[in-house]
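One-letter residues, chain by chain:
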Amino acid sequence: MSETAVDPETVEHVAELARVDLTPDERERFAAQFAEILDSFAALDEVPAVEAEPDLVNVLRTDEVREGLSQADALGNAPATENGYFEGPPVG
């Protein structure tokens, strides 16, 4: 992969979805950093697969019923709600 694998426009699009404001310099820097991350993942593709099956052990605890949040408490910090639900930005 190269630094062009993730362009600054893609970084800006993801930043808008995450509601994060980035400067042009930050977009360029993040695009380069994302390209490095993708290169690291590509290197993992070269690691041979291991055939051994690990021993599985149940480490989960038993579920306990507890009091949950009220709808008002759950929506209290939401930037936008609609008809009692979280409202998010349009995806597209």
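Everything numeric in this text was worked out from a predicted model, so none of it was measured.

Caption draft 1: Geometry of the nonpolar core. In terms of nonpolar packing, the biggest core is built from five residues, these being Val6, Val11, Ala15, Leu22 and Ala31. Filtering out sequence-adjacent residues up to four positions away, Leu22 remains in contact with Val11, Glu12, Ala15, Arg27 and Phe30.

Caption draft 2: Structural view of unusual backbone geometry. The residue Arg19 is not glycine, and still its phi comes out positive at about 60 degrees. For Arg19, the position within the fold is in the loop between helix H1 (8–17) and helix H2 (24–44). Positive phi is not limited to glycine here, since Asn83 has a value of about 55 degrees.

Caption draft 3: Just the packing of aromatic side chains, in detail. Enumeration over the complete set of coordinates arrives at one aromatic pair. Stacked on the ring of Phe30, the Lys or Arg Arg29 has its end atom at 5.5 Å from the ring centre.

Caption draft 4: The arrangement of a negative patch on the surface in detail. On the surface, Asp7, Glu9, Asp25 and Glu28 cluster together into a patch of negative charge. For Glu9, a relative accessible area of 56% corresponds to the exposed category.

About the thresholds
Residues numbered from 1 in each chain as written. Predicted model: local features only at pLDDT ≥ 70, side-chain atom pairs only at ≥ 80, totals over all residues. Heavy atoms only, no water. Core = buried A, V, L, I, M, F, W, Y, C linked by side-chain atoms within 4.5 Å. Buried < 20%, exposed > 50% of the residue type's maximum accessible area, 1.4 Å probe, protein only. Contact = heavy atoms within 4.5 Å. Helix = DSSP H or I, 4+ residues; strand = E, 2+ residues; numbered from the N terminus. Phe/Tyr/Trp six-rings, centres within 6.5 Å; stacked < 30°, edge-to-face > 60°. Lys NZ or Arg CZ within 6 Å of the ring centre and 35° of its normal. Patch = residues over 30% accessible without salt bridge, like charges linked within 9 Å, V, L, I, M, F, W, Y side chains within 5 Å. Areas by Shrake-Rupley, 256 points an atom, 1.4 Å probe, with all protein chains shown as cover. Salt bridge = Lys/Arg side-chain N within 4 Å of Asp/Glu carboxyl O. Lys, Arg positive; Asp, Glu negative; His and termini not counted. Charge placed at Lys NZ, Arg CZ, Asp CG, Glu CD.

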